[in-house]
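Structural overview
Listed here are the chains, written in short residue letters.
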Amino acid sequence: MFEADLCCGMGGPYSQKNPAISAHLKRKLYNIQETGAPLVAMDCPACVLQTRGGFDKDGEPVRGRHTAELLVERLLWFENKVARCKYELRDRGSGIGDRV
């Protein structure tokens with residue numbers, strides 16, 4: 001993504017002390033929209049909050065998520081898939097599911 005390292009500039013009191021920096025958020029939202037991606041992952045909680053708010057305000061379908069949210073979601077999906085496979089194998093009577 002173009003300017004992926006650009007800070008949204010909205011973290012904490014920084015945005016109140018420097019209102020001109022709010023232009024960074026608009027630029028960040030524009031750059032994200034230009035990718036065409038339906039989802040953007042960020043590791044800064046303030047950036048997630050501001051990005052979600054910006055997209056909601058503009059009525060954009062892009063979702064902003066924290067990387068930790070996505071990781072937990074994927075780990076839970078994987079854990080569920082392993083559990084289902086284990087029970088399916090056990091129900092087939094192969095004995096394999098008992099050892100998994």
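Residues numbered from 1 in each chain as written. Predicted model: local features only at pLDDT ≥ 70, side-chain atom pairs only at ≥ 80, totals over all residues. Heavy atoms only, no water.

Helix and strand counts for the protein chain come out as five helices and two strands. The proportion of buried residues among the 100 residues of the protein chain is 22%. By sequence separation, contacts in the protein chain at least 24 residues apart represent 42% of the contacts at least 6 residues apart. Total accessible area computed for the protein chain in this model is approximately 7,200 Å², and 58% of it derives from carbon and sulfur atoms. (Helix = DSSP H or I, 4+ residues; strand = E, 2+ residues; numbered from the N terminus. Buried < 20%, exposed > 50% of the residue type's maximum accessible area, 1.4 Å probe, protein only. Contact = heavy atoms within 4.5 Å. Areas by Shrake-Rupley, 256 points an atom, 1.4 Å probe, with all protein chains shown as cover.)

What follows covers the pairing of strand β2 (residues 63-66). Each regular strand displays side chains that alternate between the two surfaces of the sheet. Inspection of the sheet shows strand β1 (residues 39-42) paired to β2 by four bridges, in the parallel sense. By the bridge assignment, Ala 41 is partnered in β2 with Arg 65. Regarding topology, helix α3 (residues 45-58) serves as the crossover connection from β1 to the parallel β2, and that connection is right-handed. (Pairing = 2+ DSSP bridges. Right-handed = clockwise from strand over helix to strand, strands pointing away.)

Moving on, we get to the side chain of Lys 28. Tracing the chain through its elements places Lys 28 in helix α2 (residues 22-35). Setting aside residues no more than four positions away along its own chain, Lys 28 makes contact with Met 1, Glu 3, Ala 4, Leu 6 and Cys 47.

All right, on to α3 then. Compared with an ideal rise of 1.5 Å per residue, which puts 14 residues at 20 Å, α3 spans 20 Å between its outermost C-alpha atoms and is within 8% of the ideal. Every buried residue belonging to α3 is among Cys 47, Val 48, Thr 51, Gly 54 and Phe 55, and all of these are buried. In a view along the axis of α3, the buried residues occupy a sector of 135°, so they form one face of it. Seen from the buried face of α3, the exposed residues on the opposite side, beyond 90 degrees, are Pro 45, Leu 49, Asp 56 and Lys 57. Just downstream of α3, Gly 59 is the residue with a positive phi angle, here 70°. (Expected span 1.5 Å × (residues − 1). Arc of directions from axis to C-beta.)

This part covers the nonpolar core. Generally speaking, a soluble globular protein has its nonpolar side chains buried in company with each other. Counting nine residues, the largest nonpolar core is built from Leu 25, Leu 29, Ile 32, Val 40, Met 42, Cys 47, Val 48, Phe 55 and Val 62. Looking at this core, the elements that each hand over two or more residues are α2, β1 and α3. Leu 29 has contacts with Thr 51, Gly 54, Phe 55 and Asp 58, leaving out every residue within four places of it along the chain. (Core = buried A, V, L, I, M, F, W, Y, C linked by side-chain atoms within 4.5 Å.)

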